[in-house]
Amino acid sequence: LMIDIGEAAKASGTSSLSFKDTVNQQLASQSALCVELVNLLRQKTEESFSLFRLTGLFKDPEVKFSAKQAYQWLVPEFPKRDLEWGEDHVPYVIEFLWDKRYIDLKEHDPDFVTIADDTEFIFSSPIQSELRALLASHNTPRLGIAMSMEGKEPQYPVVIVPGLGSSALSVWESDYRTEWVGERLWLDFSKVGTEIKLPTLWKSPEKTEGDYGMFVRHMLLADDGYSDPPGVRVRPMEGLEAVASLSPVNRLTTGITTIFGELIKNLLDIGYDRKNIAAAPYDWRLPIQKLEERDSYFTSLKSQIVNLYNVNGEKRVVLICHSNGNRVAHYFTHWMENREPGWCKKYIHGFIALAAPYLGAPKMARAIVTGDALGLDIVLVEKAQEAWGRHMGSYPALLPLQEHLLPTRVLMLYTGSHAETNQTDSPSVLSHQERFHPTPERGWQQFQRDEENEIPEEESAAFTQITARVLAGVWLIDHALCEPKVPDDPDDYLPELKGWARDLLLKLIVFMDRPKQEISTAKNGFKETTDLPNTKKKSVAYPFDHEKKIKSVNVTRTTRLSINGKQIITEYFLPKGYTLKILIGLTEEANTMKKRIIISKKDTIIGELVRFFRRETPFSLVQQCLDEHDSEQIGNYSSPTWRDFIARVIPASYQHFDEFFVRDEFIFGKGNPEAIYDIKLSEEEAKEYPILNPPVGIDNLWCIYGRDRDTEISYYLSKKIEDHSICYHLGADEHSLSESENNPSGVAIKEGIGFETSTTPQPCLEGEPASGDGTVPYYSLSYCKNWKHSTDVNVEIIEVPGQEHTDMLKDDQVIFHVLKYLCDGENPYSS
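Anyway, here's the lowdown on the structure attached to this text. (Residues numbered from 1 in each chain as written. Predicted model: local features only at pLDDT ≥ 70, side-chain atom pairs only at ≥ 80, totals over all residues. Heavy atoms only, no water.)

**Focus on the sheet that holds strand β21 (residues 555-561)**
And then number 1: Strand order in the open sheet formed by ten strands is β19-β18-β17-β16-β25-β24-β23-β22-β21-β20, with antiparallel pairing between adjacent strands. Only two strands of the sheet have a single neighbouring strand rather than two, namely β19 (537-543) and β20 (548-550). Between one strand axis and the next, the sheet turns through 25 degrees on average, direction left out of account.
And then number 2: The pairing of strand β18 (residues 525-531) with β19 spans seven bridges and is antiparallel. (Pairing = 2+ DSSP bridges. Helix = DSSP H or I, 4+ residues; strand = E, 2+ residues; numbered from the N terminus. Axes fitted to C-alpha atoms, helices over the stretch in contact; angles between N-to-C directions.)

**Thoughts on empty space enclosed by the protein**
And then number 1: Scanning all chains against the criterion turns up four cavities of 30 Å³ or more.
And then number 2: For the largest cavity, the calculated volume is near 80 Å³.
And then number 3: In terms of lining residues, the largest cavity is bounded by Asn326, Arg327, His330, Phe351, Ala356, Pro357, Tyr358, Ile691, Pro695 and Leu701.
And then number 4: With three residues, helix α13 (residues 324-339) is the single largest residue contributor to the lining of the largest cavity.
And then number 5: Of the residues contributing to the lining of the largest cavity, the split by class is seven nonpolar, two polar and one charged. (1 Å grid on protein atoms, 1.4 Å probe; cavity = no way out; pocket = protein on both sides within 12 Å on 5 of 7 lines; lining within 4 Å. Points joined across faces, edges and corners; volume = space filled by probe spheres on them. Nonpolar A, V, L, I, M, F, W, Y, C, P; charged D, E, K, R; others polar.)

**Description of helix α19 (residues 499-512)**
And then number 1: Taking 1.5 Å per residue, 14 residues should reach 20 Å; α19 reaches 21 Å between its end C-alpha atoms and fits that length.
And then number 2: Burial analysis of α19 places ten of its 14 residues in the buried class, the great majority of the element.
And then number 3: For α19, every residue scored as buried is listed here: Ala501, Arg502, Leu504, Leu505, Leu506, Leu508, Ile509, Val510, Phe511 and Met512. (Expected span 1.5 Å × (residues − 1). Buried < 20%, exposed > 50% of the residue type's maximum accessible area, 1.4 Å probe, protein only.)

**A few points about unusual backbone geometry**
It is generally the case that most residues other than glycine have a negative phi and that most peptide bonds are trans.
And then number 1: Note the cis peptide between tryptophan 186 and leucine 187, where omega equals 10 degrees.
And then number 2: The step from glutamate 483 to proline 484 runs through a cis peptide bond, and the omega angle for that step is -15 degrees.
And then number 3: The topology assignment puts proline 484 in the loop between β16 (473-477) and α19.
And then number 4: A positive phi angle is found at lysine 576, which is not glycine, with a value near 60 degrees.
And then number 5: Within the secondary structure, lysine 576 is located in the loop between β22 (567-573) and β23 (578-587).
And then number 6: Residue class for lysine 576 comes out exposed when judged on its relative accessible area of 62%.
And then number 7: For leucine 737, which is not a glycine, the phi torsion comes out positive at approximately 55 degrees.
And then number 8: Assignment of secondary structure puts leucine 737 in the loop between β30 (726-728) and β31 (748-750).
And then number 9: By relative accessible area, leucine 737 is classed as exposed at 57%.

Remember that the coordinates give geometry; whether it matters functionally is a separate question.
Structure (C-alpha cells):
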C-alpha cells in the first residue's frame, strides 16, 4: 500500500501513473462519487468508534482511520459502484481525497510525501486544514485561544437559545420522589431507570394501566400538552450551565451529553465574560406560546437582551440559536414587534442560525406516530416512547411543511399482500387478513355450561374460543353487515310491541346496539360500556358466576359460556314470559364480533337483530383515514398526508398542532392553513406566513448547517400481527436505493425508514443531490436560500459537509464560523 507521492508525480508511462490517471480523471469529473466514497469512509470509521461513544467511558475519541483500513473498506465497494478498480487504485483514491482536502493527515505535516499502511487520516475540508495549521502554529487545541492570539476579540454581546432537548430541566415538585426536588432531571442517568406503576397518561385511569419509569412520569406533560401533571412540577435550569451539558459532568457522560459546552469554552477563550454572554434555556417540552404564559420566558429574554445592550455600550446583541431555538427566537421577534415596533432593530444585530429546521422535520411525524425519546430509545420501553412523543406539546410544531419539496412522501402505508414481499410479520393494512393472535392464557372454562337451549355445534363452528384477552377491546359496528339496519330513530325498534314490554326491551336493545362498544374483562366475566344518546357513558357488568336481579323492573339476568367455550349467552327474563337473549361469538381469529339479539314470548320469537362489530385498533383508524381522504398510491403503498393521518389516528397530537401552531398569528399569520403543507407557493403567497419568512426587525441572518448525512424522511408502516400496533414494514428494505414503483426516488430504506443520502436528488435543487444533517432534511435546512435576495435582512449561508445536527456544536469548523461572525461581523466563507 505504500506510495511515495513525490516519486509517483515524477513517474511517466508506468502502470502506477495509469492507476493515478484513471482515479484522478474519474473523481475529478464525478464530485458526487467523491462525496459517496468519503461518506463510506466516514460511516465505516464512525462504526468502529461507536462503542466508545456509546459507553462514554472516555472523552469523545477523534474519528480517524488508517490507510490500511481504507484499503479494507474501499476495495469491496468498488464493484458495487461499477468501478473497475482494485487494490492498486486505493493509494491514489486516498491521495486525491487528501489533495482536495476531503481528508487530512491526523498529525499536521507540511513535508508529508509518503502514504503508508499506518498513515492516519481524519475527515476534512480546505478550511479544516487551514484551522489545523492555525492550531499547530499556536500550539493549542482550542480555536478561541488561537484566534485570540491572532488579535481577535468579541464585537457583539451574545445570548444562546438552545434547541429541542438542549436545556437542562430540574424537579421543583414531586409527590413521587421528594428526594428529587431541586435536582437535575434532564438529563440525570441515575434517574432514568426507576419505575412505578401508574395509569397510561393519554387515557383515563379507569381504562388501562401501564408501567412507566419514574423518570418518564416526571418528564411527561399532561394531556393538553402544556400543563403539569398532578403532583409533578419540572422547570428549566438557568445560566450557561443549563445549555453547556445536559448531565452533571463526569467521565461517564462527558461528550455524549455535551451541547454548547465546547462552543462556550471557545467563546470564553476569545474574551467573552459575564457582562457580554448569557444563555436563555427554556422548557422545550412546551408549545412556544406557552413559554411566556407559564414562565414569562419572552419577558425574561427581552430583559436579558436589554441588559446586555446597556452594559456593553449600546452594542446590539447577537442571538446564537440552535435547531428549535431558531423557531423560539423567530417567534420572539414577532412577539416583540407586535408590542414595541422597532424594538428588534434597536437591540438585535442578528441571528447565528445553527441547523435551523425552517420547514420542520419528518422525524417529528415519527416521534408522534411510533414514539421518540430524544436518544433514550435504548432504555425506554415502546409504550413509554409512544407516550413521550404524544405528550410533548412542542413536537407537533416541528411537523414538516411544504412536503412537496421533499424527495419522497413522508408516510407510506403498506397495502400489498404477504406473497408480494414474502413477509410473515407485517400483514396488510387494508385487507381483512388482520389477525389478533392472542397470547395463550387460562380461559373461562370453569364457566362453560351445557344447557337445554345450547347453541348447535354447527352454528358456532366458525367461532374462536373466547377468553378474557380476546374479548377485551373497543368494537365498532359494521353497518353494512347488520340485519336489519340500525334505525336512525330508536322509536323504530320493535314496532310490533306496545306498552311496558316495549319500553323495557327498548332500553336494553338501544344499549346493546350502540355503534361503539368498549369491553373490559375480569376473572369471572366482562363489562360493556357505551355512550347512550344524550347521556353520559353507561356500563353493565355480566358476571358468569351468579344471577343478577334487577328488582326495580322485576328482571333477572344470567350470563354463561357455551359448553364449547365459543359463545357467550346472556338472557334477560322479564315478566309475563318475555325473554331477551344475546348471543356473542368471535370470528376471523377474534377480530370480528357477531351479536344476535333475540326477543321471545313464551318460546315464540317475535324479533331478532344480527349485528357485526370489528375490533378497533390503530389500523382500524388508519383504514378510516384511507377511506375518507384521498391518498396517493405508490406501488404497494398508500400515502396519505401526515396531516390527515395524524388527525385521524392520533387526534390529540393533531389538536396540539392546530391549537398551538396553525392558529397562532405569529406562525401562520394571515396565510391559508390548507396551502402551506403540500402546495407550491408563490413568493407573494409565502409572505402571508410568518413561519416561511425571516425573523422580523433584524439586520443579519447567518445560517450554518451540516449536510450530506443520511437523514430520515419517510416511514414505511404496517402493523404487528400479535397486537395490531403500528410498526415499520421491513419488507420495504428490499426496495432500498433502487428506483421502482415502490420507491420512485430511490431513497435508502433501512428497517422500514427511508433516508435521503448525499446522492439523493433534491427537488429544491432542481434534481442536484444532497441530504440533511442526520436529523433535519436538506430542504428544511436550506429553505433560507429563498431569502437571499431579501431587502429586509442580510442572509448569509454556510453549508458544512458531513456535520451532524447536534455534534456540529463541537466541531472546530462550525466554532470557527461562529467566532468569525462575532469578531469580524462577516465571514468570507459564506455564500
